[in-house]
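One letter stands for each residue in the lines below.
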Number of protein chains: 2
Amino acid sequence: VSAAPEAIRWSGGRLAILDQTRLPQTVRYETIGTADALFEAIRALKVRGAPAIGIAAAYGIVVEMQRRAPAIEDFSGTLAAVCAQIVSARPTAVNLAWAAGRLRRAVTATAATTTDEALRRLAREAEAIHEEDRQICRAIGEHGLPLIVRGCGVLTHCNAGALAVSELGTATAPLYLAHARGVPFRVYIDETRPLLQGSRLTAWELERAGMDVTLICDSAAAAMMAEGAIDLVLVGTDRVTANGDVVNKIGTLALAILCRHYDIPFYVACPASTFDSTTPDGASVAIEERDADEVRAFRGTQAAPAHVAVRNPAFDVTPAELVTAIVTDRGIVHPPYRDRLAQAFSGPQ
Amino acid sequence: VSAAPEAIRWSGGRLAILDQTRLPQTVRYETIGTADALFEAIRALKVRGAPAIGIAAAYGIVVEMQRRAPAIEDFSGTLAAVCAQIVSARPTAVNLAWAAGRLRRAVTATAATTTDEALRRLAREAEAIHEEDRQICRAIGEHGLPLIVRGCGVLTHCNAGALAVSELGTATAPLYLAHARGVPFRVYIDETRPLLQGSRLTAWELERAGMDVTLICDSAAAAMMAEGAIDLVLVGTDRVTANGDVVNKIGTLALAILCRHYDIPFYVACPASTFDSTTPDGASVAIEERDADEVRAFRGTQAAPAHVAVRNPAFDVTPAELVTAIVTDRGIVHPPYRDRLAQAFSGPQ
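In this text, all values refer to a predicted model and were calculated from it rather than measured experimentally. (Residues numbered from 1 in each chain as written. Chains lettered and ligands numbered in written order. Predicted model: local features only at pLDDT ≥ 70, side-chain atom pairs only at ≥ 80, totals over all residues. Heavy atoms only, no water.)

J.: Could you clarify how one ought to interpret the packing of helix α3 (residues 75–87) of chain A against helix α4 (residues 94–108) of chain A in this entry?
T.: Any two packed helices are characterised by how steeply their axes cross, that is the angle between the axes, and by the distance between the axes. Residues and elements named next belong to chain A. Taken N-terminus to C-terminus, the directions of α3 and α4 make an angle of 170°; their axes are 9 Å apart at the nearest point. By the criterion of interaxial angle, the relationship of α3 to α4 is roughly antiparallel. On α4, the residues that touch F75, S76, L79, A80, C83, I86 and V87 of α3 are L96, A97, A100, L103, R104, V107 and T108. Among the residues forming the contact of α3 with α4, the class breakdown is eleven nonpolar, two polar and one charged. (Axes fitted to C-alpha atoms, helices over the stretch in contact; angles between N-to-C directions. Helix = DSSP H or I, 4+ residues; strand = E, 2+ residues; numbered from the N terminus. Parallel < 35°, antiparallel > 145°, perpendicular 65-115°, else oblique. Contact = heavy atoms within 4.5 Å. Nonpolar A, V, L, I, M, F, W, Y, C, P; charged D, E, K, R; others polar.)

J.: What's the story with the sheet that holds strand β17 (residues 331–333) of chain A in this structure? I'm lost.
T.: Hydrogen bonding along the main chain pairs the strands of a sheet, whether they run parallel or antiparallel. Strand order in the open sheet formed by eight strands is β17(A)-β16(A)-β10(A)-β7(A)-β4(A)-β5(A)-β6(A)-β14(B), and the pairing between neighbours is mixed. A single partner strand is all that each edge strand has here, and the edge strands are β17 of chain A together with β14 (309–310) of chain B. Pairing of strand β16 (residues 325–328) of chain A with β17(A) involves three bridges; the strand directions are antiparallel. Considered in β17(A), the bridge of A:T328 is made with A:G331. The sheet strands contacting helix α5 (residues 115–144) of chain A are β10 (266–269), β16 and β17 of chain A, and the helix crosses β16(A) at an angle near 135°. Sitting on the sheet, helix α9 (residues 252–262) of chain A is in contact with β4 (153–156), β5 (186–190), β7 (232–235) and β10 of chain A, with an inclination near 145° to β10(A). (Pairing = 2+ DSSP bridges.)

J.: Help me out: how do you make sense of the pattern of salt bridges in this one?
T.: Opposite charge on two side chains allows them to pair when their charged atoms are near. Using the criterion set out here, one finds 46 salt bridges over all chains in the structure. The closest approach of N and O atoms between A:R68 and A:E64, which form a salt bridge, is 2.7 Å. Here A:R68 pairs with A:E64, and both are found in helix α2 (residues 50–68), just four residues apart, close to one helical turn. With a relative accessible area of 2%, A:E64 lands in the buried category. A salt bridge links B:D212 to B:R186; the nearest nitrogen and oxygen atoms lie 3.2 Å apart. Taken together, the positions of B:D212 in strand β6 (residues 212–216) and B:R186 in strand β5 (residues 186–190) put the pair 26 residues apart, joining distant regions of the chain. (Salt bridge = Lys/Arg side-chain N within 4 Å of Asp/Glu carboxyl O. Buried < 20%, exposed > 50% of the residue type's maximum accessible area, 1.4 Å probe, protein only.)

J.: Can you help me understand the relation of the copies chain A and chain B in this one?
T.: Put simply, the second copy of the chain is the first one after a rotation about an axis and a shift along it. The transform that puts chain A on chain B rotates by 180° and translates by 0.0 Å along the axis, for an RMSD of 0.1 Å. The transformation just described matches what one would write down for a two-fold rotation axis. Interface residue correspondence from chain A to chain B reaches 98%, placing this contact among same-surface, isologous pairings. (Least-squares fit on C-alpha atoms with pLDDT ≥ 70 in both.)

J.: What am I meant to see in the confidence of the model for chain A here?
T.: As a note on interpretation, predicted positions should not be read in detail where pLDDT is low. Per-residue pLDDT for chain A has a mean of 94; in total, 98% of the residues score no lower than 70. On the interface metric, ipTM, the complex scores 0.90, and its pTM is 0.90. (pLDDT = per-residue confidence, 0-100.)

J.: Would you mind going over the interface of chain A and chain B with me for this structure?
T.: When the parts of a complex come together, some accessible area is lost, and that lost area is often used as the size of the interface. Listed per partner, the contact involves 50 residues of chain A and 49 residues of chain B. Around 4,000 Å² of area is buried between chain A and chain B when both sides are counted, 68% of it from carbon and sulfur atoms. Considering only the side of chain A, the residues that lose the most area to chain B are A:L215, A:S219 and A:R311, jointly responsible for 15% of the buried surface there. For the pair chain A and chain B, the number of links is four salt bridges. Here A:R311 and B:E227 are joined by a salt bridge, their closest N and O atoms 2.8 Å apart. Across the chain A-chain B interface, the total number found is 16 residue pairs in polar contact (both at pLDDT 80 or more). Contributing elements (two or more residues each) for the side of chain A that touches chain B: α7 (197–208), β6 (212–216), α8 (221–226), α9, β12 (297–298), β13 (301–302) and β14 (309–310) of chain A. Per-element accounting of the side of chain A that touches chain B gives the leading share, six residues, to α9(A). (Buried area = accessible area lost by both parts, 1.4 Å probe. Polar contact = N/O pair within 3.5 Å; in protein donor to acceptor, adjacent residues only side chain to side chain.)

J.: Honestly, the sheet that holds strand β3 (residues 29–32) of chain B in this entry has me stumped. Any pointers?
T.: All names here are of chain B. Reading across from one edge, β1-β2-β3 is the order of the three strands in this open sheet, with antiparallel pairing throughout. Across the chains shown, the open sheet's two edge strands, defined by having one partner strand only, are β1 (8–11) and β3. Across this sheet, the average inter-strand angle for adjacent strands is 25°, counted without regard to direction. One ladder, built from four bridges, connects β1 with strand β2 (residues 14–18); its direction is antiparallel. Bridging across to β2, R9 finds its partner in A16. Of the strands in this sheet, β1, β2 and β3 are in contact with helix α2 (residues 50–68), which crosses β1 at around 35°.

J.: Any chance you could explain helix α7 (residues 197–208) of chain B here in plain terms?
T.: In an α-helix, one full turn covers 3.6 residues, which means residues spaced three or four apart are oriented alike. All names here are of chain B. The end-to-end C-alpha distance of α7 is 15 Å, a good match for the 16 Å that twelve residues give at a rise of 1.5 Å each. Across the twelve residues of α7, ten count as buried, placing the element largely inside the fold. Along α7, the residues that are buried comprise Q197, G198, S199, R200, L201, T202, A203, W204, E205 and L206. Residues of α7 that are buried make contact with β4 (153–156), α6 (173–180), β5, β6 and β9 (246–249). At the C-terminal side of α7, G210 shows a positive phi close to 90°. (Expected span 1.5 Å × (residues − 1).)

J.: Is there a simple way to explain the environment of B:L145 in this structure?
T.: Residue and element names in this part refer to chain B. For L145, the location among the structural elements is in the loop between α5 (115–144) and β4. By relative accessible area, L145 is classed as buried at 14%. Put simply, L145 and R181 are 36 residues apart on the chain and 9.9 Å apart in space, counted from C-alpha to C-alpha. Here L145 is in contact with P174, L177, A178 and R181, once residues within four sequence places are set aside.

This is the structure we're talking about:
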């Protein structure tokens with residue numbers, strides 16, 4: 001469908017990730033040979049986006065287990081320790097725990113009798129997670145496609161694209177499919193301070209795919225809405241809680257409030273792995289506070305007094321009542337979310 | 001009252017401006033000897049902020065007229081040409097035209113008989129504009145002081161501080177006075193992309209004055225409001241139209257909408273020179289669209305695909321109905337604004 005870039009490469013039992021901190025200047029893949037290397041890559045946001053870090057985590061666990069090759073009687077214990085390390089890299093991302101849980105179950109459920117057999121099962125499960133993600137993105141794209149009508153203006157925030165997920169991305173999947181089918185539309189992209197995933201990643205990715213993209217500062221979204229340029233907002237999410245609250249990149253909440261003010265629909269794209277039925281609402285989610293220097297500077301260029309106090313929450317919580325609908329791989333889910341989301345995601349994956 | 005920096009220095013008939021593009025790293029004053037130099041300084045935002053560019057324009061016109069020293073019979077014609085050049089530097093800023101108009105009237109009203117006399121009158125008028133601005137800032141500060149209560153959280157955007165005006169600034173004047181009187185409060189400062197006047201200027205200026213400041217990304221304002229950290233928003237403005245619409249730095253509109261959503265008061269500080277009674281509403285104001293590279297890069301560091309399309313409006317329009325009140329040097333003006341603003345500013349300056 002598209003010329004979307006691969007965030008994660010897995011071939012012959014070797015893992016490489018596209019170092020997204022170097023985009024858009026440099027396209028460089030980094031080989032990941034250990035859990036430590038993956039932990040650092042996740043922390044440094046070389047690989048980011050909820051589904052992509054789930055996939056990377058799965059392969060990273062496989063790579064580390066291949067390296068350690070523990071005796072079969074120690075396999076589960078070692079796997080548990082490796083999983084715990086990887087999961088601790090990004091506490092907000094439910095996908096990490098989800099992917100790790102799948103790998104652990106894949107081994108324990110089958111009672112492998114040799115280390116080689118257990119390693120093969122781990123690798124197959126990681127590959128299954130990756131392939132399922134591609135299918136999920138395609139399904140999100142198909143369900144979201146009717147939202148992208150001829151001549152419309154779509155605003156997106158951060159990067160919920162191919163770089164954050166696999167192949168088509170989540171929030172971008174309807175855009176990739178609409179573009180492939182010749183529907184003309186314009187995508188407005190918030191730059192997404194402090195780490196500029198919008199300018200560096202989404203603008204790069206969608207422009208590369210030939211779409212009509214316009215980059216704006218985060219603070220210009222309201223002006224674009226006021227002049228009628230925006231017909232819908234479509235974003236991804238790191239976590240949707242049981243009641244439909246949406247935890248996503250800082251700035252998402254403001255867009256949802258602006259949409260309410262201007263009566264513009266606000267859509268969230270959400271794969272099953274992002275739905276956290278065990279957390280009742282957004283208020284229960286611990287929001288990661290990131291380094292102050294991300295705000296004081298950009299890539300080492302100082303922009304503020306060197307020691308000024310900073311608040312730098314990585315995410316905000318958009319209350320369910322501001323979300324028009326959630327575009328999932330099972331269809332578009334409308335409010336009330338509490339039962340409908342659980343229902344949509346209750347069947348087999 | 002404060003250790004606020006001087007944006008403009010005028011001494012012995014010589015003009016120097018603090019080059020604000022170099023802040024916070026470098027504090028450097030640049031001598032302005034010609035109208036061309038001032039025009040470029042305004043265009044490059046070395047001097048910025050509606051009142052400050054009015055003051056700088058007045059002194060810049062004096063300096064250029066001193067340099068040209070036209071014969072008295074050519075004085076008015078030359079002055080008109082110099083004024084026209086300066087006014088064209090920043091079409092949105094009503095203060096430029098306002099300051100130029102005052103200088104022209106100062107000369108024509110008195111029928112000076114020599115060039116020296118006309119130049120002295122010009123200089124006295126520029127100094128009067130500057131001194132009046134200091135008095136206006138103090139009056140705005142006194143009228144706004146009751147808004148800053150013990151323990152409150154104030155959010156401001158861009159820079160409507162000493163650097164943008166004179167001495168106390170406009171939006172910052174109540175803060176400087178409250179701080180001087182020992183009232184404890186916290187100021188949240190939006191970084192204000194693309195040119196980062198919040199991080200580079202306001203954070204620097206208020207931290208230097210000893211206030212409790214916290215820098216945030218523009219997109220984090222909603223999260224700060226959601227957690228109850230913000231009790232009021234207080235911003236400056238480049239122009240208030242006859243109906244009370246507020247033209248101010250891009251991002252102001254979003255803050256006003258967020259305030260409405262969270263039921264937080266949204267105040268604008270407005271000196272007389274910023275009130276444009278001849279423009280009916282914000283829709284009638286041409287909004288300056290600035291260079292795309294301001295958004296594609298961050299202080300010279302590339303942050304987006306090199307040729308990606310950009311919308312970069314310098315200002316947005318906040319409708320009067322979102323403005324809780326306007327803090328002027330004549331008192332706090334509440335809605336409906338149309339008659340009350342005109343009334344407040346109708347008396348002698």
